Amino acid sequence: MHGERVAVVGGSIAGCAAARALRRAGAGEVVVLERASGRLQDRGVGLAIQNERYAELEAAGYLDARMPWVPLARRPWVVRDGARREGREIASMPFPFRSYGWGSLWRELRGRLPDEVDYRGGTVVRSVTDGPDGAVVLLADGAEERFDLVVGADGHRSTVRAAMLAAGSSVSAPAWGGYLAWRGTLPVEQLPRPAGAFPEDAATTVAFPGGHMIAYRIPGAPGGDGGAQVNWVFYATPPAHLAGELADPRTNPSAELTSELTDYQHALVERFFPGYWRDVVHATPAESRLLQPIHDAVAPRFAQGRLVLLGDAAAIARPHTGSGALKALQDATVLGRALLEADSLPAALAAYDAERAPVGRAILELGRSLGRAQVLRTPDWASLDQRSFECWWQENSGAGVGGRPLGS
Ligand SMILES: Cc1cc2nc3c(=O)[nH]c(=O)nc-3n(C[C@H](O)[C@H](O)[C@H](O)COP(=O)(O)OP(=O)(O)OC[C@H]3O[C@@H](n4cnc5c(N)ncnc54)[C@H](O)[C@@H]3O)c2cc1C
């Protein structure tokens, strides 16, 4: 880059990483336009990054060891089995991941932004128009600003993606996956007994007909008392009469967790969960729960003219893929590399598009495969043993969980 003026729309994970990448690549002025003022609200609360993917991002300078994390090592799968309180383990898979809190990761990324980055919280972008003399960003207060490049890091309902659509690209709306993720967190000290039922390095998965729940420890919430927490995500289809409303892409990424939906989850837990894991769900305070209808989407192109998409604006990955935040960080890393290496801005954007759009499509397909196998068409879990589970895992794309290597 040669001192260009760049706007990054969205100052979340993708936006912060992109701003860093742009400065390193030689952008003259980087302005981050973020709708939220102050701290961003915690999203999924927990996220896990595979150790090898972490190492790549650390080497590239986007993550570092001082960012709070918790080591995870294995993923036991358990089912209810009579009165056995912790259930019966049917199989265990290696799980070489680091877990992070979404809010703390965002805070660390935000805190590492170079001072020269102009991060404007409380700034809403209404529209973006690409043109030969620059891309014009219209703000909600009516002000207009012209940039050499506009980076869309503005999430699932991206205004920048909409601008690409207006410019002739066929971007489809997020597609409903047919099921929900109920999410919750609770302090580790509020875990039920016995403590040994949930080892510290485990991402335990409770499997039941029509769904599963994964639970693992994450670092304490930023600004909280600092104690570690447990994060769980429970997947199942909703009651049929609510499916139409939840399928609306406008409800993505989160919808109201009504008492009806909490009762519905609790009924499934009562029916299918071992006692220990039922108590984990019940011990979770109402204010630390949220509901995420599962949708996915991928933009046909990640770059066009002076516009480029990153993170969820480019492709929404289902949470089982273990790659939402990871993909955002990888997108920024690849964009930064392309901007450094290419001879011109159009060549850099073309190289970025060529490398990352196929990854977005692959992650979309991976998420669909995992959703079918682990929620919509679950196997007879209780009949599986380690060997048959491993075959099922391979057949159903489980090996892809944790994202693709950088540069693949
Ligand atoms: C409920 C939920 C749970 C999730 N759980 C996980 C998880 O467990 N693990 C994982 O890896 N990923 C998870 N994800 C995905 C993860 O949050 C994202 O992949 C990650 O944050 C990277 O997203 P992003 O920065 O591209 O977009 P986002 O985090 O969505 O950020 C987009 C930003 O753009 C801003 N913005 C949007 N429109 C405008 C506008 N017009 N003007 C100005 N600013 C705008 C928004 O305020 C927001 O801050 C979850 C997502 C959701 C919704």
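Participant: Looking at this model, I keep getting lost on the overall build of the protein chain. Mind explaining?
Facilitator: The number of helices and strands found in the protein chain is 11 helices and 18 strands. Here the C-alpha atoms of the protein chain give a radius of gyration of 21 Å, agreeing with the 22 Å that 2.2 N^0.38 yields for 408 residues. For the protein chain, the spread of C-alpha atoms along the three principal axes comes to 70 × 45 × 40 Å. When burial is assessed residue by residue, the protein chain has 56% of its 408 residues classed as buried. When contacts within the protein chain are restricted to residue pairs at least 6 apart in sequence, those whose partners lie at least 24 apart make up 74%. If you sum the accessible surface of the protein chain, you get close to 16200 Å²; carbon and sulfur atoms cover 50% of it.

Participant: For this particular structure, what's the right way to read the site of the ligand?
Facilitator: Taken together, 30 residues sit near the ligand, with S12, A14, E34, G46 and D312 positioned nearest. One of the side-chain N or O atoms of E34 is found 2.6 Å from an oxygen atom in the ligand. At 3.3 Å, a backbone N or O of G324 approaches an oxygen atom of the ligand. Across the complex, the protein chains shield 92% of the 990 Å² of accessible surface that the ligand would expose by itself. At the level of elements, α1 (13–25), β3 (46–50), β15 (289–298), α8 (311–314) and α9 (324–341) are the ones that each hand at least two residues to the shell around the ligand. Counting residues per element, the shell around the ligand draws most heavily on α9, at three residues. Residues that form the shell around the ligand fall into these classes: 14 nonpolar, 10 polar and six charged. Viewed by domain, the shell around the ligand spans two of them, domain 1 (5–43 + 105–174 + 296–367) and domain 2 (49–101 + 177–295 + 370–396), each represented by three or more residues.

Participant: Can you walk me through the sheet that holds strand β2 (residues 29–33) in this structure?
Facilitator: Judged by pairing direction, the sheet is mixed, and its six strands sit side by side in the order β6-β2-β1-β10-β17-β16 without closing on themselves. In this open sheet, the two edge strands, each paired with only one partner strand, are β6 (118–120) and β16 (303–304). Sheet analysis places β16 next to strand β17 (residues 307–309), joined by two bridges and oriented antiparallel. Paired with A303 across the two strands is V308, which belongs to β17.

Participant: Help me understand the domain arrangement of the protein chain in this model?
Facilitator: For an interface, size is often stated in terms of accessible area lost upon the parts coming together. Parsing the protein chain into structural domains produces domain 1 (5–43 + 105–174 + 296–367) and domain 2 (49–101 + 177–295 + 370–396). A straight line from the C-alpha centre of domain 1 to that of domain 2 covers 29 Å. Carbon and sulfur atoms make up 59% of the surface buried where domain 1 meets domain 2, a total of about 2600 Å² over both sides. Our count for the domain 1 to domain 2 interface comes out at one salt bridge. At the surface where domain 1 touches domain 2, the tally comes to 10 residue pairs in polar contact (both at pLDDT 80 or more). At the level of secondary structure, the elements contributing two or more residues to the side of domain 1 that touches domain 2 comprise α1, α3 (102–111), α9 and α10 (345–376). When residues of the side of domain 1 that touches domain 2 are assigned to their parent elements, the largest contribution, five residues, is made by α9. Of the residues contributing to the side of domain 1 that touches domain 2, the split by class is 12 nonpolar, six polar and 10 charged.

The rules behind the values
Residue indices follow the written sequence of each chain, beginning from 1 at its first position. In keeping with the model being predicted, local features are shown solely for residues with a pLDDT of at least 70 and side-chain atom pairs are shown and tallied solely at 80 or more, while totals for entire chains, interfaces and linings include all residues. Heavy atoms from the whole structure form the basis of all side-chain values; hydrogens and water molecules are not counted. The numbering of helices and of strands both runs from the N terminus, where a helix is a DSSP run of H or I of at least 4 residues and a strand a run of E of at least 2. Radius of gyration means the value over C-alpha atoms here, while the globule rule gives 2.2 Å times the residue count to the 0.38 power. Note on classification: 1.4 Å probe, protein chains only; a residue is buried when its accessible area is under 20% of the maximum for its type, exposed when over 50%, partly exposed between these limits. Note on contacts: a residue pair is in contact if any heavy atoms of the two residues lie within 4.5 Å. Values of accessible area rely on a 1.4 Å probe in the Shrake-Rupley scheme; residue burial ignores everything except the protein chains shown. Here, proximity means that at least one heavy atom of the residue falls within 4 Å of the molecule or strand. Contacts described as polar in this section are N or O atom pairs within 3.5 Å, which, within protein, must combine one atom able to donate a hydrogen with one able to accept it, while residues neighboring in sequence count only if both atoms come from side chains. Here the term charged refers only to Asp, Glu, Lys and Arg, the term nonpolar to Ala, Val, Leu, Ile, Met, Phe, Trp, Tyr, Cys and Pro, and the term polar to all other amino acids, Gly among them. Segmentation into domains, and thus their bounds, comes from an automatic or database assignment. Each pair of strands is called paired provided DSSP finds at least two bridges between the two strands. Here the buried area means the combined drop in accessible surface, using a 1.4 Å probe, for two parts upon being joined, counting both sides. In the sections that follow, a salt bridge refers to a side-chain nitrogen of Lys or Arg positioned within 4 Å of a carboxyl oxygen of Asp or Glu.

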